[in-house]
Amino acid sequence: MTNSTAPLAGIRILEVGTMLAGPYATMMLADLGAEVIKIEPPDGEISRQVGDSYFASLNRNKRSVCLDLTSAEGQAELGALVAQSHALLVNMKPSVIRRLGLTYEALRRHNERIVCVALTGYGLDGGDDPAFDYVIQAATGIAALTGDPDGPPTLPGYSSADNSTGLTAALGLLAMIVSGRGGQVDVSLRDVMLSQLNYRASAWLNDGVEPRRLPYGAHSYYVPAQLFPTADGYLALFITHDGFWRTFAAEAGIDGFPTMAERAARRSEVLDVVTGALAADTALGWEKRLRPLGIPAAAVRTLPEALADTPEAVVTAGEFRLVRSPIQVTGYEPDYLPPPALDRRATRQSS
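This structure is a prediction, so every number in the text was calculated from the model and none was measured.

Undergrad: Describe the packing of helix H10 (residues 242-252) against helix H12 (residues 267-278), listing the residues and the values that go with them.
TA: Here H10 crosses H12 at 45°, and the two axes come no closer than 10 Å. Judged by the inter-axis angle, H10 sits oblique to H12. Crossing hand, H10 versus H12: left-handed. When H10 is examined against H12, the residues Trp 245, Phe 248 and Ala 252 are found in contact with a partner set consisting of Val 270, Val 274, Ala 277 and Leu 278. Classifying every residue of the contact of H10 with H12 by side-chain character gives seven nonpolar, no polar and no charged.

And the structure:
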């Protein structure tokens, strides 16, 4: 039964998704109460082969219908589903999206108000060059900005491009549904990651400041704002204005450097002084001391440690323990259902 308090109750979304970006987008919408029907090929979506927990992390709260979209029967079933749905989201190569008829131009005959969202590497008109998450991070400057300046470029430890593009696609999908018009939404991994380099890109485009890596992931503007070694472990410290600095400096026993401009101009001196002061306590010790003072600081934790510290973020969906939706809506709690089993019977969706 549909949860009547769900923000997206009554919205039906079709997903022809693979691996991460597309399925993550629709799972966020399913968590908010949308009815998501995952259209899978006869052998199932490829991420089922990765592992059950991987598939569950991206496909809870969905239904599954197997359709062979290369066949006339499968296309007829697709048309019937489109006629009764608000949106279709797909992440595949542009040529495959067009060949399978998963664009607005191809599907509008079934439903003029259908919203079609395409997630691709470089845009629907950008060609079929390979565009996996790590490739995009390399191509857009993310990898070049990550890691120690004396070491090789580094990739983040999770799929930041896929996840970010999934969220952006979900936003575009909802915007079109709110507009009440059908149409095509085109979201690419490349464009999303360039957009997320916002102030870095603006500094280069407007001020000629070339992005560079700094030790310990230091921020390009704020000082001190980076990781620091301590007596035990590493501490993330993020001092963004003079008030934070005064409070931190008093607690750490540091004198001088009262303004943001001076700290930026004397970066190396500031970092030496702060590093020396932080060596007097552990990362967890500093966290306990600084947080009550309102200073942004956190000890570096592993993911298992972070999950253990945040038990409220873990939910149960069938036999799987997963991280809950990050969108908390007052008065609404999602029913976390397990990912759908593969049903190879191509079933026409009734109204």
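That shown, we press on.
Undergrad: With reference to specific residues and values, describe helix H8 (residues 189-196).
TA: The complete set of buried residues in H8 reads Leu 189, Val 192 and Met 193. The arc enclosing the buried residues of H8, seen along the axis, measures out at 95°, which places them on a common side. Tucked inside the fold, the buried residues of H8 contact strand S5 (115-120), helix H6 (133-139), helix H7 (160-179) and strand S6 (183-188).

Undergrad: Describe in detail the sheet that holds strand S3 (residues 62-66), supporting the description with residues and values.
TA: Pairing is parallel across the open sheet formed by six strands, whose spatial order is S3-S2-S1-S4-S5-S6. With one partner strand each, in any of the chains shown, S3 and S6 form the two edges of the open sheet. Strand-to-strand twist across the sheet, computed as the mean angle between neighbouring axes with direction ignored, equals 20°. Pairing between strand S4 (residues 87-91) and S5: five bridges, direction parallel. Residue pairing for S5: Asn 91 is matched across the bridge by Leu 119.

Undergrad: I'd love a proper account of the packing of aromatic side chains, names of residues and values included.
TA: Scanning the model with the defined rule gives five aromatic pairs in all. On the basis of an interplanar angle of 40° and a centroid distance of 6.3 Å, the ring pair of Tyr 216 and Tyr 234 is categorised as tilted. Of this pair, Tyr 216 sits in the loop between helix H9 (198-207) and strand S7 (225-229) while Tyr 234 sits in strand S8 (residues 234-238), placing them 18 residues apart in sequence. Note on Trp 245 and Phe 248: the rings are 5.9 Å apart at their centroids and 50° apart in plane angle, and the pair reads as tilted. Of this pair, Trp 245 and Phe 248 both sit in helix H10, three residues apart, roughly one helical turn. With respect to class, Trp 245 is no different from Phe 248; both count as buried. Ring-pair connections join several aromatic residues into one group, and the members of that group are Trp 245, Phe 248 and Phe 257. Cation over ring: Arg 289 sits above Trp 286, and NZ or CZ is 4.0 Å from the ring centre.

Rules and cut-offs
- Residues numbered from 1 in each chain as written.
- Predicted model: local features only at pLDDT ≥ 70, side-chain atom pairs only at ≥ 80, totals over all residues.
- Heavy atoms only, no water.
- Axes fitted to C-alpha atoms, helices over the stretch in contact; angles between N-to-C directions.
- Helix = DSSP H or I, 4+ residues; strand = E, 2+ residues; numbered from the N terminus.
- Parallel < 35°, antiparallel > 145°, perpendicular 65-115°, else oblique.
- Left-handed = near helix turned anticlockwise from the far one by under 90°.
- Contact = heavy atoms within 4.5 Å.
- Nonpolar A, V, L, I, M, F, W, Y, C, P; charged D, E, K, R; others polar.
- Buried < 20%, exposed > 50% of the residue type's maximum accessible area, 1.4 Å probe, protein only.
- Arc of directions from axis to C-beta.
- Pairing = 2+ DSSP bridges.
- Phe/Tyr/Trp six-rings, centres within 6.5 Å; stacked < 30°, edge-to-face > 60°.
- Lys NZ or Arg CZ within 6 Å of the ring centre and 35° of its normal.

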